[in-house]
Amino acid sequence: MKLPKKIKRYCPYCNTHTEQKVDIVSTGHKRGTLKRGSLTRAKKRHAMPGMGNKGKWGSKPAVKSWNRKTKTTTRKTIIYTCQKCKKSTQSKKSRRVSKILFEEKEK
Ligand SMILES: [Zn+2]
């Protein structure tokens, strides 16, 4: 899917149409997810005192059997940033795309 880098769109803050920068909302990094059996979770419980792991935390089940991916596309939300007031609005609907390409508008 191709999108222009800049688009003229209504800005609810300026109450007019302004030039707005198009971008994808980044998924960011994982926060606050402490998985069962993870070392960081054990450390938080102070269950792992001292040095070394004593052969306790290394083994994990084989990932090969459940490492299958069915969906080739991901849901992406588009964010519009107003160039005038620097405020941004997200599109109400996200869409499934494999890749979003930004192209310069030629004039
Ligand atoms: Zn604005």
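Residues numbered from 1 in each chain as written. Predicted model: local features only at pLDDT ≥ 70, side-chain atom pairs only at ≥ 80, totals over all residues. Heavy atoms only, no water.

(A) Geometry of the overall build of the protein chain. Broken down by element type, the protein chain carries 1 helix and 8 strands. Listed N to C, the secondary structure of the protein chain is β-β-β-α-β-β-β-β-β in terms of helices and strands. Per-residue burial for the protein chain yields a buried fraction of 16% across its 107 residues. Contacts in the protein chain between residues far apart in sequence, at least 24 positions, make up 52% of those at least 6 positions apart. (Helix = DSSP H or I, 4+ residues; strand = E, 2+ residues; numbered from the N terminus. Buried < 20%, exposed > 50% of the residue type's maximum accessible area, 1.4 Å probe, protein only. Contact = heavy atoms within 4.5 Å.)

(B) Spotlight on the coordination of the zinc ion. Bound to the zinc ion on the protein side are C11 (SG), C14 (SG), C82 (SG) and C85 (SG), at distances that span 2.2 to 2.3 Å. In the primary structure, the donors to the zinc ion are separated according to the pattern C-x2-C-x67-C-x2-C. Within this pair, whereas C11 is found in strand 2 (residues 6-11), its partner C85 is found in the loop between strand 5 (78-82) and strand 6 (88-90), the two being separated by 74 residues in sequence. By relative accessible area, C85 is classed as partly exposed at 28%. (Donors = N, O, S within 2.8 Å, 3.2 Å for Na, K, Ca; no water.)

(C) Layout of the packing of aromatic side chains. Overall, the coordinates contain 0 aromatic pairs when judged by the stated rule. Note that R9 overlies the ring of Y80, its terminal NZ or CZ placed 3.7 Å from the centroid. (Phe/Tyr/Trp six-rings, centres within 6.5 Å; stacked < 30°, edge-to-face > 60°. Lys NZ or Arg CZ within 6 Å of the ring centre and 35° of its normal.)

(D) Expanded view of the sheet that holds strand 3 (residues 16-24). Read from one edge of the open sheet, 4 strands run 2-3-5-6, paired in antiparallel fashion. In this open sheet, the two strands that pair with only one neighbour each are strand 2 and strand 6. Neighbour to neighbour, the strand axes of the sheet diverge by 40 degrees on average, direction disregarded. (Pairing = 2+ DSSP bridges. Axes fitted to C-alpha atoms, helices over the stretch in contact; angles between N-to-C directions.)

(E) Geometry of the confidence of the model for the protein chain. Of all residues in the protein chain, 74% attain a pLDDT of 70 or more, and the chain-wide mean is 80. Mean pLDDT values over the elements of the protein chain span from 76, in helix 1 (residues 39-44), up to 92, in strand 5. (pLDDT = per-residue confidence, 0-100.)

(F) Up close: unusual backbone geometry. Located in the positive-phi region is N15, a residue other than glycine, with phi close to 65 degrees. Within the element layout of this structure, N15 appears in the loop between strand 2 and strand 3. Note on N15: relative accessible area 54%, which makes it exposed. Phi angles above zero are rare outside glycine, and K86 is one such case at about 65 degrees. The topology assignment puts K86 in the loop between strand 5 and strand 6.

(G) Structural detail: the nonpolar core. Ranked by size, the top nonpolar core spans 6 residues in total: L3, V22, I78, Y80, V97 and I100. Once you skip the residues sitting within four places of it in the chain, V97 turns out to touch M1, T73, T74 and K76. (Core = buried A, V, L, I, M, F, W, Y, C linked by side-chain atoms within 4.5 Å.)

(H) Representation of the pairing of strand 3 within the structure. Here 6 bridges tie strand 2 to strand 3, and the two strands are oriented antiparallel to one another. Bridge assignment links R9 to a residue of strand 3, and that residue is T18. Bridge analysis of strand 3 against strand 5 gives 5 bridges, and the strand direction is antiparallel. Bridge pairing in strand 5 links D23 to I79.

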